[in-house]
Amino acid sequence: MLTLPQRERRQAWLLLAPMLLMMFLLTAWPLARTLWLSFTDAGLIGDGSAPNWVGSDNFIYALTDPDFRAALWRTLYFTVVSVMTEGIIGVLVALLLNQPFRGRSALRVLVILPWALPTIVNATMWRLNFNPDYGSINALLSQLGLIDTYRSWLGDPSSAINAVMFADIWKNYPLITLLVLAALQTIPEDLFEAARLDGASAFRRFRKITLPAIAAPLAVALILRTIDAFKVFDIIYVMTRGGPLDSTKTVSFFVYQESFSYLRAGSGAAYAILMTLICALLILIYMVMLLRQRRSGSTE
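Not measured: the values here are computed from a predicted model.

Some remarks on the UniProt feature "transmembrane region" (unreviewed entry) in the protein chain
Under the present numbering, the feature "transmembrane region" (unreviewed entry) in UniProt falls on residues 12–32, 76–97, 209–227 and 269–291. End C-alpha to end C-alpha, residues 76–97 measures 31 Å, and it is 100% helix and 0% strand. What you have in residues 209–227 is 100% helix and 0% strand, and the ends, taken at the C-alpha atoms, are 29 Å apart.

Rendered as structure tokens:
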């Protein structure tokens, strides 16, 4: 006879079974199909004949393809700089919004607004702002005396990737702000009062009280943003289409072009599998961090 905990676990699995089955059908089959295609020379448009088995040729070609390696390094640059900047801005804005001042609630709503915008809307807006003829960025910098002539920010290979990163940072730093702000509001004010009475400086109070309290949620937010930034596609598609001269061509855009522009489904699948493995590694890091956080919380 089943004990009560065993019966509850069995009921829980029965309730979860439909969702797990649906997730399996929606995930396992496309992933298995992509994996099979990555070992073939399949084209997106064929003559109806079965694709030929090429083994690991697609993966060998992908790992030795200088264009793919360049896209990978470009993606890593985009990910690291974007996430680090979002983390710094997010923490600073959260610290500001945690202070009592008039209009704080309205400012919190305004901070959330960029994150609430759909990515397509955000990308279109910033593409217009960076327009070389009538964009607001050139007008502002010209009025401030920082530039003499209007620049084509998205048309210059040296500035295009940074312009796209600026738009991505503007949209996503509010997520980190919200998570850090929620953690800040759980810190008892008595701790800060006691630290002030002991003569602790503002920096020391931040290092000894604030930083440990926000470390766990901040780490989770940065890992989630790292995974999301590594997969960036939509904002690049709208703003630059991967140009100019492939200067904004990330791994996701590389997979898209290989599969749907060049119609090479087999090699495109191989690139996608490599990208999936990298994302899986990031997710593994995220899960390890959550496990450590849970263990440290249970020992306190």
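Concerning helix α3 (residues 66–97)
For α3, with 32 residues, the first-to-last C-alpha span of 46 Å sits near the 46 Å given by 1.5 Å per residue. By the N-cap criterion, in which a side-chain oxygen at the helix start approaches the backbone nitrogen of a residue two or three places on, α3 is capped by Asp65, the distance to Asp67 being 3.1 Å.

Digging into the packing of helix α8 (residues 189–197) against helix α9 (residues 202–230)
At a minimum axis distance of 11 Å, the contact between α8 and α9 shows a crossing angle of 150°. Regarding the angle of α8 to α9, the classification is roughly antiparallel. In this structure, α8 crosses over α9, and the sense of that crossing is right-handed. Contact residues: α8 offers Leu191, Phe192, Ala195 and Arg196, while α9 offers Arg205, Ile209 and Thr210. Of the residues that constitute the contact of α8 with α9, the class distribution is four nonpolar, one polar and two charged.

Concerning the confidence of the model for the protein chain
Residue-level pLDDT values for the protein chain average 86, and 95% of them are 70 or greater. The least confident element of the protein chain is helix α12 (residues 265–299), whose mean pLDDT is 79; the most confident is helix α10 (residues 234–239), at 93.

Details of the packing of α3 against α9
At a minimum axis separation of 10 Å, α3 and α9 run at an interaxial angle of 145°. In the packing of α3 onto α9, the handedness of the crossing is right-handed. Taking contact as the criterion, the partners of Leu72, Thr75, Leu76, Phe78, Thr79, Val83, Glu86, Gly87, Val91 and Leu95 in α3 are, on α9, Phe206, Thr210, Ile214, Leu218, Leu222, Arg225, Thr226, Ala229 and Phe230. Of the residues contributing to the contact of α3 with α9, the split by class is 12 nonpolar, five polar and two charged.

Rules of the game
Residues numbered from 1 in each chain as written. Predicted model: local features only at pLDDT ≥ 70, side-chain atom pairs only at ≥ 80, totals over all residues. Heavy atoms only, no water. UniProt positions renumbered as here; feature names shortened; annotations may be inferred. Helix = DSSP H or I, 4+ residues; strand = E, 2+ residues; numbered from the N terminus. Expected span 1.5 Å × (residues − 1). Polar contact = N/O pair within 3.5 Å; in protein donor to acceptor, adjacent residues only side chain to side chain. Axes fitted to C-alpha atoms, helices over the stretch in contact; angles between N-to-C directions. Parallel < 35°, antiparallel > 145°, perpendicular 65-115°, else oblique. Left-handed = near helix turned anticlockwise from the far one by under 90°. Contact = heavy atoms within 4.5 Å. Nonpolar A, V, L, I, M, F, W, Y, C, P; charged D, E, K, R; others polar. pLDDT = per-residue confidence, 0-100.

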